[in-house]
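Chain by chain, the residues run as shown.
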Amino acid sequence: MGGAAVTLLIQQVVLGLMLGGVYVAVAIGFSLVWGILNIVNLAHGALVVVGMYTTWYLFSHFGLDPFLTLPIAALALFVIGYILQRGVINRVIRAPLFFTLLLTFGINLVLINLFLVWFKADFRSVTTSYSGTGLVVAGVTVPYVRLAALVIALLLAGAVGLFLNRTRTGFAIQAVGADKDAAQLVGIDLRHVYALTFAVGAACAGVAGGLLSTIQAISPTAGEPYTLQAFVVVILGGLGRVSATVVGGLLFGLIEVLAQSQVPGLGAGWSNAIAFAILVLVLVLRPQGLLGRLA
Amino acid sequence: MSDPEAPPAAFSTQPSRAGRRLRRVILVAFLVAAVIVAVLPLTLTEQAADANLDPATLGIDFAINKSIVRAETTIAMFIALAAAWNLIGGLTGYAAFGNVAFFGLGAYTVGFLTDKQHLSFALALPLAPLVAAVFAALIGIPLLRLRGHYFAIATLGTGVAVGEVIKNIDAFGGGTGLFPPILRHADALFFYLMAATAALAVAATWLVLRSRFGYGLIAIRENEEAASVLGVNTVAYKVAAFTLAAALTGLAGGVFAQWTSFIDQESVFPIQYNVQMILMAIIGGAGTLFGPVAGAIVLEWLILTLAGGGTNAVYAQIGLGVLLAVTVIFVPRGVVDFFGGSSKLSLAYLRRSLRETSV
């Protein structure tokens, strides 16, 4: 009895960490854009869906393995993100934050309805030969696609961290985040760096979407919950560091799975409510996040 | 501008003579339109009462009038929502993104009391704003300590979470929803109720704008620390504004529930309502008395005209998104700013708005 309960608990912890991997992937781009541009991108979920459809399209029309489509999804989103920021969002970047919220919501609305026009409201899925199979270690099942998603999410976080801390462009992005006027004084082209930052954030959303397409059904509104969840991850971990996003994402995944399985009365329908409860608790008790610096 | 006595437009806060004349014309046109709008539903009930017939046999005029009254009721509802949002978002400057929570709570209060508790609509309706207000006061105390993005997303989360929690509780109809008993031939009644709610919201704004309370809210919007130093009890003021907005929104929700006689999570917690009410207030002019009214009329009329349902609805949503972007980029101060007379709609105006906020 005791052994079975322990195995079940370990199973839930494993599933929680893997769900956390998904949250890490989704939140990295969101966190970057928020931290550097001070934009809470309400269209982030829709960008994730662009990634999902990219992977689905390449998988179903060209038979490409979903994990091989990730660089293509990233590239496509990079271009879309650069154009969006350079052409549209840069226009309101100095306005009160409220306007950037409205603008990104507008972009979200347009994207979702374009998906509806092009792909209809149908649910689509990417099912490979290895979908639904997994590694079994001592009675604990580890689904392959989710394990791969976790590993790729961590690699993505590492890559973004290296990019920000080891390259000239990364330094420029950080400089703009720290003080945009000083950055401009030393010759950094703000318009380009803003667009580049948003493009990198969008590319991360594309990778997240590609990963998610192997895990869940794809529909025009499939990305909606992820905007709120990315926000919760950033709040939980703290703004301004990639490592904080990783901790926040994994922790959020764990809390969600454990709350749904261990607390009586809570089920799968409660994920937004749980996210919101965490959000309010953290904001009220520790507004800078678990690992964050005070703004 | 051609008037030599008028001060240069750029330095004047008072509208020019031409501006005043334009305003008078708009006001008269508005009053005439308001009278027509207000009387139309009466023809509907008279006709129905005289003929004592089923609407189906009353013919095409009746059907058209009925759909117009329906549209008027919807517009009145959005006037109420936008004006209520204006109290917290426009006057106080707190980017509330989740007012739909109060709408849904008001709707579910009426739905639950009439469907499950068999209370009459007249008794249930007053409780709708009460429930929404109590909830807003409770949640406002922690949430209004947050600023900027944090407040915006926390309220957005409230809207989503409240809907989800209610859907998960079987006593409130669960996934099936609630069915308030249908009131027949009551289209006129619902129009007047909704119009009264809208009028109440505008009247409340008028009173607030003229009161010490209103000046306190504007002070908070302009500089919260300074307001606090000057002796404004910022916490109490913010929570009061939030609660007032919630009560008005909840009242509209309560009327809506009985009007549609079916509610579920999707129909009374739609996330796009959050943004529609904000967009209406901003397009009209946030923080002004009639801005949200003008915005609600124009935008909801556009939405109702464009979205015939079916595939058109998708394109209407795309249009809404584009309109949102254009408004935010080019006319962030709303149309009341230039129809009010203090500035003119011109290419220079659009270029200035663009330059002020872009990099």
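It should be emphasised that the depicted structure is a prediction, and the values quoted were computed from it without experimental measurement. (Residues numbered from 1 in each chain as written. Chains lettered and ligands numbered in written order. Predicted model: local features only at pLDDT ≥ 70, side-chain atom pairs only at ≥ 80, totals over all residues. Heavy atoms only, no water.)

Thoughts on the overall build of chain A
Phase 1 of the analysis: For chain A, the helix and strand inventory stands at eleven helices and two strands.
Phase 2 of the analysis: Ordered by position in the sequence, the α and β elements of chain A form the string α-α-α-α-β-β-α-α-α-α-α-α-α.
Phase 3 of the analysis: The globule rule puts the C-alpha radius of gyration for 295 residues at 19 Å, and the 19 Å found for chain A is close to it.
Phase 4 of the analysis: Principal axes of the C-alpha set define a box for chain A whose edges measure 65 × 50 × 35 Å.
Phase 5 of the analysis: Relative to its full complement of 295 residues, chain A shows a buried share of 55%.
Phase 6 of the analysis: Considering only residue pairs separated by 6 or more positions, chain A has 77% of its internal contacts joining residues 24 or more positions apart.
Phase 7 of the analysis: For chain A, the exposed area adds up to about 12,000 Å²; of that, 69% sits on carbon and sulfur atoms. (Helix = DSSP H or I, 4+ residues; strand = E, 2+ residues; numbered from the N terminus. Rg over C-alpha atoms; globule rule 2.2 N^0.38 Å. Buried < 20%, exposed > 50% of the residue type's maximum accessible area, 1.4 Å probe, protein only. Contact = heavy atoms within 4.5 Å. Areas by Shrake-Rupley, 256 points an atom, 1.4 Å probe, with all protein chains shown as cover.)

Quick word on the overall build of chain B
Phase 1 of the analysis: Helix and strand counts for chain B stand at 16 helices and zero strands.
Phase 2 of the analysis: Out of the 359 residues in chain B, the part that is buried amounts to 51%.

Topic: empty space enclosed by the protein
Phase 1 of the analysis: This model, assessed by the stated rule, comprises two cavities of 30 Å³ or more.
Phase 2 of the analysis: In this structure, the second largest cavity spans a volume of roughly 40 Å³.
Phase 3 of the analysis: Tallied by class, the residues present in the lining of the second largest cavity amount to five nonpolar, four polar and no charged. (1 Å grid on protein atoms, 1.4 Å probe; cavity = no way out; pocket = protein on both sides within 12 Å on 5 of 7 lines; lining within 4 Å. Points joined across faces, edges and corners; volume = space filled by probe spheres on them. Nonpolar A, V, L, I, M, F, W, Y, C, P; charged D, E, K, R; others polar.)

A look at the packing of helix H2 (residues 44-62) of chain A against helix H3 (residues 70-87) of chain A
In helix packing, the relevant descriptors are the interaxial angle and the interaxial distance, both defined with respect to the helix axes.
All names here are of chain A.
Phase 1 of the analysis: Where H2 meets H3, the closest approach of the two axes is 9 Å, and the angle between their N-to-C directions is 140°. With respect to H3, the element H2 is oriented oblique. The two elements H2 and H3 cross, and the hand of that crossing is right-handed. In this structure, H2 uses Leu-47, Val-50, Gly-51, Thr-54, Thr-55 and Leu-58 to contact H3, whose residues at the interface are Ile-72, Ala-73, Leu-77, Ile-80 and Leu-84.
Phase 2 of the analysis: Its residues assigned to classes, the contact of H2 with H3 shows eight nonpolar, three polar and no charged. (Axes fitted to C-alpha atoms, helices over the stretch in contact; angles between N-to-C directions. Parallel < 35°, antiparallel > 145°, perpendicular 65-115°, else oblique. Left-handed = near helix turned anticlockwise from the far one by under 90°.)

Some points on the nonpolar core
Soluble globular proteins tend to pack their nonpolar side chains together in the buried interior.
Phase 1 of the analysis: With 197 residues, the main nonpolar core has Leu-102 of chain A together with Phe-97 and Phe-242 of chain B as its most contacted residues.
Phase 2 of the analysis: Among all residues touching Phe-97 of chain B, those that are not within four sequence positions of it are Leu-42, Phe-98, Leu-101 and Leu-102 of chain A together with Ala-152, Thr-155, Leu-156, Asn-274, Val-275 and Ile-278 of chain B. (Core = buried A, V, L, I, M, F, W, Y, C linked by side-chain atoms within 4.5 Å.)

Let's talk about the side chain of Asn-108 of chain A
Residues and elements named next belong to chain A.
Phase 1 of the analysis: Checked against the element boundaries, Asn-108 lands in helix H4 (residues 97-119).
Phase 2 of the analysis: Residue Asn-108 is classed as buried on the basis of its relative accessible area of 2%.
Phase 3 of the analysis: Those residues within four positions of Asn-108 in sequence are excluded, and the remaining contacts are Leu-42, Ala-43, Ala-46 and Glu-224.

Some words on the interface of chain B and chain A
Phase 1 of the analysis: Listed as interface residues are 43 residues of chain B and, on the opposing side, 44 residues of chain A.
Phase 2 of the analysis: Our count for the contact surface shared by chain B and chain A stands at two residue pairs in polar contact (both at pLDDT 80 or more).
Phase 3 of the analysis: Counting only elements with at least two residues in the side of chain B that touches chain A, the list comes to helix H5 (127-143), helix H6 (148-167), helix H12 (271-284), helix H14 (311-330) and helix H16 (347-357) of chain B.
Phase 4 of the analysis: In terms of residues, the side of chain B that touches chain A owes the most to one element, H6 of chain B, which gives 13 residues.
Phase 5 of the analysis: Of the residues contributing to the side of chain B that touches chain A, the split by class is 31 nonpolar, nine polar and three charged. (Polar contact = N/O pair within 3.5 Å; in protein donor to acceptor, adjacent residues only side chain to side chain.)

As for the packing of helix H1 (residues 2-37) of chain A against helix H5 (residues 144-166) of chain A
Residues and elements named next belong to chain A.
Phase 1 of the analysis: H5 packs onto H1 with a crossing angle of 30° between their chain directions and a minimal axis gap of 8 Å. The angle between H1 and H5 places the two elements in the roughly parallel class. H5 is crossed by H1, and the crossing has left-handed handedness. Contacts between H1 and H5 involve Leu-17, Met-18, Leu-19, Gly-21, Val-24, Ala-25, Ile-28 and Leu-32 on the former and, on the latter, Arg-146, Leu-147, Leu-150, Ala-153, Leu-156, Ala-157, Val-160 and Leu-164.
Phase 2 of the analysis: Across the contact of H1 with H5, the residue classes break down as 14 nonpolar, one polar and one charged.

Let's talk about helix H13 (residues 291-306) of chain B
Phase 1 of the analysis: Taking 1.5 Å as the rise per residue, H13 of chain B with 16 residues should run 22 Å; its terminal C-alpha atoms sit 22 Å apart, in good agreement.
Phase 2 of the analysis: Residues of H13 of chain B that are buried include every one of Gly-291, Pro-292, Val-293, Gly-295, Ala-296, Leu-299, Glu-300 and Ile-303 of chain B, and no others. (Expected span 1.5 Å × (residues − 1).)

With respect to the pattern of salt bridges
Residue and element names in this part refer to chain B.
Phase 1 of the analysis: A complete count under the given rule lists five salt bridges over all chains for this structure.
Phase 2 of the analysis: Across the pair Glu-225 and Arg-147 runs a salt bridge whose closest N-O atoms are separated by 3.3 Å. Taken together, the residues span a long stretch of sequence, with Glu-225 in helix H9 (residues 224-229) and Arg-147 in the loop between H5 and H6 at a distance of 78 residues.
Phase 3 of the analysis: In this structure Glu-225 comes out as partly exposed when scored by relative accessible area, which is 47%.
Phase 4 of the analysis: The structure contains a network of salt bridges with shared partners spanning Arg-147, Glu-224, Glu-225 and Lys-238. (Salt bridge = Lys/Arg side-chain N within 4 Å of Asp/Glu carboxyl O.)

Observations regarding a positive patch on the surface
Phase 1 of the analysis: Among the surface-exposed residues, Arg-20, Arg-21, Arg-23 and Arg-24 of chain B lie close enough to one another that they form a single positively charged patch.
Phase 2 of the analysis: A relative accessible area of 40% means that Arg-20 of chain B is categorised as partly exposed. (Patch = residues over 30% accessible without salt bridge, like charges linked within 9 Å, V, L, I, M, F, W, Y side chains within 5 Å. Lys, Arg positive; Asp, Glu negative; His and termini not counted. Charge placed at Lys NZ, Arg CZ, Asp CG, Glu CD.)

Description of the pairing of strand S2 (residues 140-143) of chain A
Residues and elements named next belong to chain A.
Phase 1 of the analysis: Residue alternation in S2 divides its side chains into a buried set, Val-140 and Val-142, and an unburied set, Thr-141 and Pro-143.
Phase 2 of the analysis: In the sheet, strand S1 (residues 134-137) pairs with S2 via four bridges, with the strands oriented antiparallel. Bridged to Gly-134 within S2 is Pro-143.
Phase 3 of the analysis: The antiparallel pairing of S1 with S2 creates a hairpin that spans two residues between the two strands, and Ala-138 there sits at a positive phi of about 50°. (Pairing = 2+ DSSP bridges.)

Topic: the confidence of the model for chain B
Residues and elements named next belong to chain B.
Phase 1 of the analysis: Of the residues in chain B, 85% reach a pLDDT of 70 or more, and the chain-wide mean stands at 83.
Phase 2 of the analysis: Within chain B, helix H15 (residues 335-339) has the poorest average pLDDT of any element, 64, and helix H10 (residues 234-260) the best, 96.
Phase 3 of the analysis: Every residue in residues 1-13 is under pLDDT 50, and counting partners more than four places away or in other chains gives six contacts.
Phase 4 of the analysis: Interface confidence in the predicted complex, given as ipTM, is 0.82; pTM for the same model is 0.82. (pLDDT = per-residue confidence, 0-100.)

Some points on a nonpolar patch on the surface
All names here are of chain B.
Phase 1 of the analysis: Taken together, the side chains of Leu-119, Leu-123, Leu-127, Leu-130, Val-131, Val-134 and Leu-138 define a hydrophobic patch exposed on the protein surface, amounting to about 600 Å² of accessible area.
Phase 2 of the analysis: Looking at which element gives the most residues to the nonpolar patch, the answer is H5, with five residues.
Phase 3 of the analysis: Within the element layout of this structure, Leu-127 appears in helix H5.
Phase 4 of the analysis: Look at Leu-127 and you get partly exposed, because its relative accessible area is 32%.

Thoughts on unusual backbone geometry
Phase 1 of the analysis: Unlike most non-glycine residues, Lys-120 of chain A shows phi in positive territory, near 60°.
Phase 2 of the analysis: The residue Lys-120 of chain A is located in the loop between H4 and S1 in this model.
Phase 3 of the analysis: With relative accessibility at 48%, the residue Lys-120 of chain A sits in the partly exposed group.
Phase 4 of the analysis: The residue His-118 of chain B is not glycine, and still its phi comes out positive at about 55°.
Phase 5 of the analysis: By the secondary structure assignment, His-118 of chain B is in the loop between helix H3 (100-116) and helix H4 (121-124).

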